Amino acid sequence: TATGKQSRCRIHSQSAVENRLQTVHFKSDKRIKFVGTVYDQELLKKIRENAYAYFHGHTVGGTNPSLIEALGSTDLNLLVDVGFNKEVAEDCALYWSRKSGSLAKLINKADKMSADEIAEMGRRAKKRVAEHNLPTISLAKVEKTMREI
């Protein structure tokens with residue numbers, strides 16, 4: 001890759017997700033490393049820092065703490081294109097839709113990015129997390145919504 005890191009996606013997931021991934025043969029792809037569920041926050045941070053990219057596929061809910069953590073530690077963040085992900089990451093990430101082939105196209109686009117472009121995305125993401133105190137954004141919205149009910 002442009003960053004000099006091996007093109008490897010590190011996935012930490014629960015057993016149900018791992019079982020599903022076995023059916024699509026991802027384990028046979030040497031670029032993908034399944035590390036299981038990681039509770040050690042320092043280890044998780046190191047995994048994210050050394051990963052090719054962070055893939056975030058959540059399509060429901062609100063601000064996800066793992067997304068905020070990834071923005072703070074991973075230079076290249078590939079997120080499913082839903083409102084709350086765009087609200088959190090803005091221009092600090094690349095977005096894919098759930099349409100067939102969209103993620104593959106985005107990965108191909110990311111593979112063509114220069115190391116400087118990827119590093120700049122990482123700088124913007126870290127700045128966004130630091131300057132906007134992202135964990136409080138969703139809490140404030142929840143409180144506002146609750147008051148309106």
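The shown structure was predicted, so the numbers you read here are calculated from the model rather than taken from an experiment.

Caption draft 1: How the structure looks around the overall build of the chain. The secondary structure content of the chain amounts to seven helices and five strands. Going from N to C terminus, the chain has its helices and strands arranged as β-α-β-α-β-α-β-α-β-α-α-α. Buried residues in the chain amount to 34% of all 149 residues. The long-range fraction of contacts in the chain, counting pairs at least 24 apart against all pairs at least 6 apart in sequence, stands at 52%. On the chain, roughly 9,300 Å² of surface is accessible, and the fraction owed to carbon and sulfur atoms is 53%.

Caption draft 2: Quick peek at the packing of helix α3 (residues 65-73) against helix α6 (residues 115-132). Packing of α3 against α6 leaves a shortest axis separation of 7 Å and a crossing angle of 125°. Looking at the two axes, α3 sits oblique to α6. By crossing handedness, the relation of α3 to α6 is classed as left-handed. Across the interface between the two elements, Ile 68, Leu 71, Gly 72 and Ser 73 of α3 pack against Ala 125, Lys 126 and Val 129 of α6.

Caption draft 3: Region of interest: the packing of aromatic side chains. Within this structure, the stated rule accounts for zero aromatic pairs. Above the plane of the ring of Tyr 95 lies Lys 86, whose end atom (NZ or CZ) is 5.1 Å from the centre.

Caption draft 4: Inspection of helix α2 (residues 41-50) at higher detail. Residues of α2 that are buried: Leu 44, Ile 47 and Arg 48. An end-on view of α2 places all buried positions within 95° of arc, on one side of the element. Two to three positions downstream of the cap, the backbone nitrogen of Glu 42 sits 3.0 Å from a side-chain oxygen, assigning the N-cap of α2 to Asp 40.

Caption draft 5: Up close: the environment of Ser 66. Considering the arrangement of structural elements, one finds Ser 66 in helix α3. When the C-alpha atoms of Ser 66 and His 56 are compared, they prove to be 8.6 Å apart, with 10 residues separating the residues in sequence. Contact partners of Ser 66, with chain neighbours within four places excluded, come to Arg 48, Tyr 54, His 56 and His 58.

Caption draft 6: Spatial organisation of the sheet that holds strand β5 (residues 94-96). In space, the three strands of this open sheet follow the order β3-β4-β5, with parallel pairing throughout. Each edge of the open sheet carries a strand with a single partner, namely β3 (54-56) and β5. Averaged over all pairs of adjacent strands, the angle between their axes in this sheet comes to 20°, without regard to strand direction. Sheet topology note: the strand β4 (residues 77-80)/β5 ladder contains three bridges and is parallel. The residue bridging Leu 78 from the neighbouring strand is Leu 94, located in β5. Where α3 meets the sheet, it contacts β3 and β4, and its direction lies at approximately 155° from that of β3.

Caption draft 7: Main features of the pairing of β4. Because side chains alternate across β4, one face comprises the buried residues Asn 77 and Leu 79, and the other comprises Leu 78 and Val 80, equally buried. In this sheet, β4 lies alongside β3 in parallel orientation, the contact comprising three bridges. Bridging from a neighbouring strand, Phe 55 pairs with Leu 78 of β4. The parallel pair β4 and β5 is bridged by helix α4 (residues 83-89), and the resulting crossover is right-handed.

Thresholds, definitions, all that
Residues numbered from 1 in each chain as written. Predicted model: local features only at pLDDT ≥ 70, side-chain atom pairs only at ≥ 80, totals over all residues. Heavy atoms only, no water. Helix = DSSP H or I, 4+ residues; strand = E, 2+ residues; numbered from the N terminus. Buried < 20%, exposed > 50% of the residue type's maximum accessible area, 1.4 Å probe, protein only. Contact = heavy atoms within 4.5 Å. Areas by Shrake-Rupley, 256 points an atom, 1.4 Å probe, with all protein chains shown as cover. Axes fitted to C-alpha atoms, helices over the stretch in contact; angles between N-to-C directions. Parallel < 35°, antiparallel > 145°, perpendicular 65-115°, else oblique. Left-handed = near helix turned anticlockwise from the far one by under 90°. Phe/Tyr/Trp six-rings, centres within 6.5 Å; stacked < 30°, edge-to-face > 60°. Lys NZ or Arg CZ within 6 Å of the ring centre and 35° of its normal. Arc of directions from axis to C-beta. Polar contact = N/O pair within 3.5 Å; in protein donor to acceptor, adjacent residues only side chain to side chain. Pairing = 2+ DSSP bridges. Right-handed = clockwise from strand over helix to strand, strands pointing away.

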